[in-house]
Amino acid sequence: MSDPLPLRPGLIADGDPPRLLGGRCRACGHPHFPRQEACPYCASEDTVAADLSTGGRLWAWTAVTHAPPGYAGEVPYGFGVVELPEGLRVVTRLTEADPERLRRGQKMRMVVVTLAAGDERRALSYAFAPVDDGTVPVASAATEPAATEPAATEPAATQPAMTERAATEPATTAGVP
Amino acid sequence: MTSVEVAGVGLHPFGRFAGKTVTDMGVVAVRAALHEAAVGRGGFQAAFCGTAYGGVATGHKILGALGMTGTPIVDVEAGCASGAAALMLGSAAIRGGQYDTVVVFGVEKMPRGIIRSSFFEPWQEEAGLAATPAYFALRAQRLMHTSGVTKHHLAAVVTKNRRHGVHNPDAMFRSEVDAADVLSSRVVCEPLHLWMLCSPNEGAAAVVLTRGDGDGGRVRVAAAVLRSHLPGAVLSESTPLAGLADDGIPAPSTLAATDAYEEAGLGPHDLDVVECQDTDAARELLSYEELGLCPPGEAAGMLDVGATSVGGRLPVNPSGGLLSKGEPLGASALGQVVELVRQLRGEAGARQVHGARVGLAHTVGRGANAGVVIVRR
């Protein structure tokens, strides 16, 4: 079976750890995601690509209990918003599907997940997973990514651009087995 | 001074009608509104039809079935605010002197369950990011965090609106529910339970607008505003994939309400009755704050003291709201306007808000699109 590809090119930069590909406006300074040419905040076209921080804090969360239209994966699955240190709030799947096991401000890290329909691995997407900081239970070890834990406050600007796909194997299958 | 007056209103009940087409329902609503306005073929110069799922030339099909084509017929899509967008166009055309009389209507026939929207890209659907109720749930959770709203308040919105809906013959659900029933219905997306979410359904509503001098005692359109979103609010109805860590970005509903109050020359304290977007129970409470019906953070308190029940200081959703009527997207906003016109005329029966003279209708949804219409007499 061939390895699944990212759902959409330009969303995820491969690497260790993988990162979301966003942008930053050089005119107004605001970050955005996904990457677009014109700044959504000031309409300037003087924007540059920027890898986003891999770590952030949980800002809002819920669980989806019934498959929404066009979705063939497992339910329930976690869904929420993670706030990144560069001042961006990202809407994302969460690897934790039990709202009771999450809390506001919890440390989260970005992971790559494989979307599946039954036994078929379909595509790679992004999600955020709780970081075990010793204060709350996290998803079982079997669903945790192998990648090393990034610092939650690591600024995106210090990261080198990632131009090559480092691995064809996803870092994790968390979220949708 | 030129005013835009409501010469007639018409409604096809909101519900589920197997075997009926969008055209069938639109015909019922438009015919009723034209009849009430005593307007026939040749009596109007343009038509505006709001629909999101009706398909190509929905307005033409309806007016064609009535033998009334030939004028400009403009189909308008603005998500949940499609009807408000149609009303804005029709009202502005009269105010600007382009037409004397227009027909504005909205229709929809929605399948059950989570709405599938072409707004989302296929990859977003595949990734499970097109989960509309989950966005509602996140908004609800944030409101609970910032405004002291509890699950009991969410249940209380449902019981209030369902109590109002008992007296609305055009509503889909006409039975009261109690809070325990609401809280024991299954969780769709925490904190939202099934009964806290409105049901996408079917229906039609129509309004005939005409130029007047404001002296005829008719209900007037004092404002009809549509606004889109400003970027940056991650949980805005624009459903972006990201936003800024900034809680101060005005919501599209606030933008529309601010413009509408200015256009009408009045403020929220002048309102007697409100029909607002209660797609889910939290959305109604959020609307109190976004429309300026109460100060930020005080929506729960406003509900607690019964201010927004019929008989209270400012009844909200005396029609039963979308929680009782269901939500046929394109018909939703004009259904609210029909309710307000009947309220202002004193024709609302057991759900009448006594002495109502100024009413506000609010819709907000995908786009983002927010519509605010103010009617008065």
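Residues numbered from 1 in each chain as written. Chains lettered and ligands numbered in written order. Predicted model: local features only at pLDDT ≥ 70, side-chain atom pairs only at ≥ 80, totals over all residues. Heavy atoms only, no water.

Trainee: Would you mind going over the overall build of chain B with me for this structure?
Mentor: If you tally the helices and strands in chain B, you get 12 helices and 12 strands. On C-alpha atoms alone, chain B measures out to a radius of gyration of 19 Å, which is about the 21 Å that the 2.2 N^0.38 rule sets for 377 residues. With the principal axes as the frame, chain B shows a C-alpha extent of 55 × 45 × 40 Å. Looking at chain B as a whole, 63% of its 377 residues are labelled buried. Within chain B, contacts between residues separated by at least 24 positions form 77% of all contacts whose residues are at least 6 apart in sequence. Just so you have it, chain B exposes about 12,600 Å², and 53% of that area is on carbon and sulfur atoms. Where the 31 positive side-chain charges of chain B centre and where its 37 negative ones centre are 6 Å apart. (Helix = DSSP H or I, 4+ residues; strand = E, 2+ residues; numbered from the N terminus. Rg over C-alpha atoms; globule rule 2.2 N^0.38 Å. Buried < 20%, exposed > 50% of the residue type's maximum accessible area, 1.4 Å probe, protein only. Contact = heavy atoms within 4.5 Å. Areas by Shrake-Rupley, 256 points an atom, 1.4 Å probe, with all protein chains shown as cover. Lys, Arg positive; Asp, Glu negative; His and termini not counted. Charge placed at Lys NZ, Arg CZ, Asp CG, Glu CD.)

Trainee: Is there a simple way to explain the packing of helix α5 (residues 132–147) of chain B against helix α9 (residues 281–290) of chain B in this structure?
Mentor: When two helices pack together, you describe them by how their axes are tilted relative to each other and by the distance separating the axes. Residue and element names in this part refer to chain B. One can describe the packing of α5 onto α9 by two numbers: an axis separation of 9 Å at closest approach and a directional angle of 50°. The angle between α5 and α9 places the two elements in the oblique class. Crossing hand, α5 versus α9: left-handed. Taking contact as the criterion, the partners of Arg139, Ala140, Leu143 and Ser147 in α5 are, on α9, Ala282, Leu285, Leu286 and Glu289. Residue classes in the contact of α5 with α9 are distributed as 5 nonpolar, 1 polar and 2 charged. (Axes fitted to C-alpha atoms, helices over the stretch in contact; angles between N-to-C directions. Parallel < 35°, antiparallel > 145°, perpendicular 65-115°, else oblique. Left-handed = near helix turned anticlockwise from the far one by under 90°. Nonpolar A, V, L, I, M, F, W, Y, C, P; charged D, E, K, R; others polar.)

Trainee: Would you explain the packing of aromatic side chains in this entry?
Mentor: How two aromatic rings sit relative to each other is given by the distance of their centres and the angle of their planes. Inspection of every chain in the model, using the stated rule, returns 5 aromatic pairs over all chains. Consider the rings of Phe33 of chain A and Tyr126 of chain A, whose centres lie 5.7 Å apart with planes at 85°: the pair is edge-to-face. Of this pair, Phe33 of chain A sits in the loop between β4 (31–32) and β5 (47–51) while Tyr126 of chain A sits in strand β10 (residues 120–130), and the two are 93 residues apart along the sequence. Judged by its relative accessible area of 6%, Phe33 of chain A falls in the buried class. Where Phe79 of chain A meets Tyr135 of chain B, the ring centres are 5.2 Å apart and the plane angle is 75°; that geometry is what we call edge-to-face. Residue Phe79 of chain A is located in strand β7 (residues 77–84), and its partner Tyr135 of chain B is located in helix α5; the two belong to separate chains. The class for Tyr135 of chain B is buried, based on a relative accessible area of 1%. Through successive ring pairs, a cluster of aromatic residues spans Phe79 of chain A together with Phe119, Phe120 and Tyr135 of chain B. (Phe/Tyr/Trp six-rings, centres within 6.5 Å; stacked < 30°, edge-to-face > 60°.)

Trainee: For this particular structure, what's the right way to read unusual backbone geometry?
Mentor: Most peptide bonds are trans, and most residues other than glycine sit at a negative phi. Geometrically, the link from Asp16 of chain A to Pro17 of chain A is a cis peptide bond, its omega value of 0° lying close to zero. Relative to the helices and strands, Pro17 of chain A resides in the loop between β2 (12–13) and β3 (19–25). One non-glycine residue, Ala43 of chain A, lies in positive phi territory at about 70°. Of note, the phi angle at Thr239 of chain B is positive, near 40°, even though the residue is not glycine. By the secondary structure assignment, Thr239 of chain B is in the loop between β8 (220–227) and β9 (242–244).

Trainee: What is the right way to look at the interface of chain B and chain A in this model?
Mentor: Quoted interface sizes are often the accessible area lost when the parts come together. Facing the 35 residues of chain B at the interface are 41 residues of chain A. Summed over both partners, the interface of chain B with chain A buries about 3,200 Å², with 64% contributed by carbon and sulfur atoms. Contact with chain A buries area across many residues of chain B, yet Trp123, Glu126 and Leu244 of chain B alone supply 20% of it, more than any other trio. The tally of links between chain B and chain A comes to 1 salt bridge. Between the two partners, chain B and chain A, sit 13 residue pairs in polar contact (both at pLDDT 80 or more). Mapped onto the side of chain B that touches chain A, the elements with two or more residues apiece are α4 (122–126), α5, β5 (187–189) and β9 of chain B. At 7 residues, α5 of chain B tops the list of elements feeding residues into the side of chain B that touches chain A. Partitioned by chemical class, the residues of the side of chain B that touches chain A number 22 nonpolar, 5 polar and 8 charged. (Buried area = accessible area lost by both parts, 1.4 Å probe. Salt bridge = Lys/Arg side-chain N within 4 Å of Asp/Glu carboxyl O. Polar contact = N/O pair within 3.5 Å; in protein donor to acceptor, adjacent residues only side chain to side chain.)

Trainee: Just checking my understanding: could you explain the side chain of His193 of chain B for this structure?
Mentor: Residue and element names in this part refer to chain B. Within the element layout of this structure, His193 appears in strand β6 (residues 192–193). At a separation of 3.2 Å, a polar atom in the side chain of His193 contacts the main-chain carbonyl oxygen of Leu183. His193 has contacts with Lys151, Val182, Leu183, Ser185, Arg186, Val187 and Val188, leaving out every residue within four places of it along the chain.

Trainee: In this structure, what is going on with the environment of Glu45 of chain A? I would like to understand it.
Mentor: Residues and elements named next belong to chain A. Mapping Glu45 onto the fold places it in the loop between β4 and β5. As a C-alpha pair, Glu45 and Cys25 span 20 residues in sequence and 7.8 Å in three-dimensional space. When sequence neighbours within four positions are dropped, the list of residues in contact with Glu45 reads Glu37 and Ala38.

Trainee: In this structure, what is going on with the confidence of the model for chain A? I would like to understand it.
Mentor: Close inspection of predicted coordinates is inappropriate for parts of the model with low pLDDT. On average, residues of chain A score 79 in pLDDT, and 73% of them are at 70 or above. Confidence drops under a pLDDT of 50 for residues 136–177 of chain A, and excluding neighbours within four residues, the segment shows 85 contacts in the predicted structure. (pLDDT = per-residue confidence, 0-100.)

Trainee: I keep staring at the pairing of strand β9 (residues 107–117) of chain A and nothing clicks. Help me out?
Mentor: Consecutive side chains along a regular strand alternate between the two faces of the sheet. Residues and elements named next belong to chain A. Counting buried positions along β9 gives 10 out of 11 residues, so the element sits mostly inside the fold. Where β9 meets β10, 10 bridges bridge the pair, whose relative direction is antiparallel. Bridge pairing links Val113 to Ser125 in β10. Hairpin remark: β9 followed by β10, antiparallel, with 2 residues in the connecting loop; positive phi at Gly118, about 65°. (Pairing = 2+ DSSP bridges.)

Trainee: Before we go on, may I ask you to explain the nonpolar core in this structure?
Mentor: Phe33 and Tyr126 of chain A together with Leu293 and Ile374 of chain B are the most contacted members of the largest nonpolar core, which totals 96 residues. A per-element tally of this core places α5 of chain B first, with 7 residues. Counting residues in each nonpolar core, the second largest holds 39 residues, with Leu11, Ala86, Leu87 and Val221 of chain B among its members. (Core = buried A, V, L, I, M, F, W, Y, C linked by side-chain atoms within 4.5 Å.)

Trainee: Please clarify how the side chain of Ser236 of chain B should be interpreted in this entry.
Mentor: By the secondary structure assignment, Ser236 of chain B is in the loop between β8 and β9. Here Ser236 of chain B falls in the buried class, since its relative accessible area comes to 6%.

Trainee: What should I look at first to understand the packing of helix α3 (residues 82–95) of chain B against helix α12 (residues 329–345) of chain B in this one?
Mentor: All names here are of chain B. Contact pair α3 / α12: the axes reach a minimum separation of 5 Å and the direction vectors enclose 65°. Listed contacts from α12 to Ser82, Gly83, Ala84 and Leu87 of α3 are Gly330, Ala333, Leu334 and Val337. Classifying every residue of the contact of α3 with α12 gives 5 nonpolar, 3 polar and no charged.

Trainee: Got a minute to help me understand α9 of chain B in this structure?
Mentor: One turn of the α-helix equals 3.6 residues, which is why residues spaced by three or four share an orientation. Residues and elements named next belong to chain B. Burial analysis of α9 places 10 of its 10 residues in the buried class, which makes it a mostly covered element. Along α9, the positions that sit buried rather than exposed are Ala281, Ala282, Arg283, Glu284, Leu285, Leu286, Ser287, Tyr288, Glu289 and Glu290. In the core, the buried residues of α9 are packed alongside α5, α6 (151–165), α8 (252–264), α10 (299–304), α11 (321–325) and β11 (358–365). For α9, the side-chain oxygen to backbone nitrogen distance between the N-cap and Ala282 is 2.9 Å, and the N-cap itself is Asp280. Immediately beyond the C-terminal end of α9, within one or two residues, lies Gly292, with a positive phi of roughly 75°.

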